[in-house]
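Observations on chain architecture
Residue strings, one per chain:
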Amino acid sequence: MFRTAPDPYDSLEASDPTSPQEELAAENVSLRLLLTQAKLSAETLLEQAGIDAKEREAADKLQKLILEELHHRIKNTLATVGAIASQSLRNAPSTQHAQQAIEGRLLALGRAHDLLLQARWTGAELRKIVQGATEPFDNPDKPRFSIAGSDVQIASGAVIAIAMTLNELCTNTTKFGALSVPAGHVAISWAVDAPASRLHFTWKEQDGPAVAAPTRQSFGTRLIETLGRQLKGNVRLTYEPSGFVYFLDIPLLSLES
């Protein structure tokens, strides 16, 4: 006859029961042991992966900083898009004109972001910003722009403002200025005033139709002036008979921050 194995729980019931305090103390010891083992296991896994605990903590802080910066940039971009849409609709003579204005400005904003992405959001060279903004309006067979200036590095915060300004200037000259006629040309130049720590930027239209000052200020003009003030610069718009001239005098510090 086979004998059944004794039930382990029978012996517990038969022995003197322990007090609740003793049972709780034993459970706490077991819990501390498990937590200690888990901690050692986590450290072992990190070591096997070649990750130091301090490096992991630094990586977590860096990720948080990047996400906060991304959130800030997205909010700024959405605010810019909102202003573009609102002002374009408010000043457009028709829905079609508003659509074209919004599309053009959003494309310019997208090109500026592409340029920053290529530079890993650290900034961009001024020549590349100018070339990127004028390329959609240029003719490769017969160039309409001349670009001259020394190498100047522009921080990410100023790239958007400069790119959007150039887009407005390109749009306006194509519709009403020098590039509205086949012989028209635009000369873009800049120079660094080292003693004064300032940048002088000039957009000069040539060989276009006769120019006269507008009777009312458009959104494009207000945007150009606002973007210049954002960079703490002085903006001067001159409607000379020979062609429109845009001049920006800006502190180098505004381009570096």
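As shown above, the structure is provided for reference.
Being a predicted model, the structure only gives us computed values, none of them experimental. (Residues numbered from 1 in each chain as written. Predicted model: local features only at pLDDT ≥ 70, side-chain atom pairs only at ≥ 80, totals over all residues. Heavy atoms only, no water.)

1. Describing the nonpolar core
Of all hydrophobic cores here, the largest spans 36 residues; its most connected members are Leu126, Ile154, Leu166, Phe201, Trp203 and Leu255. For this core, the secondary structure elements donating two or more residues are helix H5 (126-134), helix H6 (156-175), strand E4 (185-193), strand E5 (198-206), helix H7 (219-230), strand E7 (243-251) and helix H8 (252-256). Ranked by the residues each element gives to this core, the list is headed by H6, at 10 residues. Non-local contacts of Trp203, meaning those with residues more than four positions away in its chain, are made with Phe145, Leu166, Leu169, Cys170, Thr173, Val186, Ala187, Ile188, Phe244, Val245 and Tyr246. (Core = buried A, V, L, I, M, F, W, Y, C linked by side-chain atoms within 4.5 Å. Buried < 20%, exposed > 50% of the residue type's maximum accessible area, 1.4 Å probe, protein only. Helix = DSSP H or I, 4+ residues; strand = E, 2+ residues; numbered from the N terminus. Contact = heavy atoms within 4.5 Å.)

2. Describing the sheet that holds E5
One open sheet holds the 5 strands; their spatial order is E2-E4-E5-E7-E6, and the pairing between them is mixed. Edge positions in the sheet fall to strand E2 (145-149) and strand E6 (234-240), since each of these pairs with one other strand and no more. Averaged over all pairs of adjacent strands, the angle between strand axes in this sheet comes to 10°, irrespective of strand direction. Pairing geometry for E4 and E5, over 9 bridges, is antiparallel. (Pairing = 2+ DSSP bridges. Axes fitted to C-alpha atoms, helices over the stretch in contact; angles between N-to-C directions.)

3. With respect to the pairing of E4
Across 5 bridges, the pairing between E2 and E4 is parallel. Note that in E4 the partner of Ala148 across the bridge is Ser189. A loop of 4 residues connects E4 with E5, the two strands running antiparallel in sequence, and Ser197 in this loop sits at a positive phi of about 55°.

4. Quick notes on the side chain of Glu205
Tracing the backbone through its elements, the reader meets Glu205 in strand E5. Here Glu205 occupies a buried position and makes no salt bridge, while the nearest side chain of opposite charge, Arg144, is found at 9.4 Å. A distance of 3.1 Å separates a polar atom in the side chain of Glu205 from a polar atom in the side chain of Thr173. Only 3.0 Å separates the side chain of Glu205 from the backbone nitrogen of Ala178, close enough to count as a polar contact. Not counting the four nearest positions on each side in its chain, Glu205 is found in contact with Thr173, Gly177, Ala178, His185, Val186, Ser242, Gly243 and Phe244. (Lys, Arg positive; Asp, Glu negative; His and termini not counted. Salt bridge = Lys/Arg side-chain N within 4 Å of Asp/Glu carboxyl O. Polar contact = N/O pair within 3.5 Å; in protein donor to acceptor, adjacent residues only side chain to side chain.)

5. Regarding unusual backbone geometry
In the Ramachandran plot, Ser197 falls in the positive-phi region, its phi being about 55° despite a non-glycine side chain. Tracing the backbone shows Ser197 in the loop between E4 and E5. Located in the positive-phi region is Asp207, a residue other than glycine, with phi close to 60°. Among the structural elements, Asp207 can be located in the loop between E5 and H7. With relative accessibility at 55%, the residue Asp207 sits in the exposed group.

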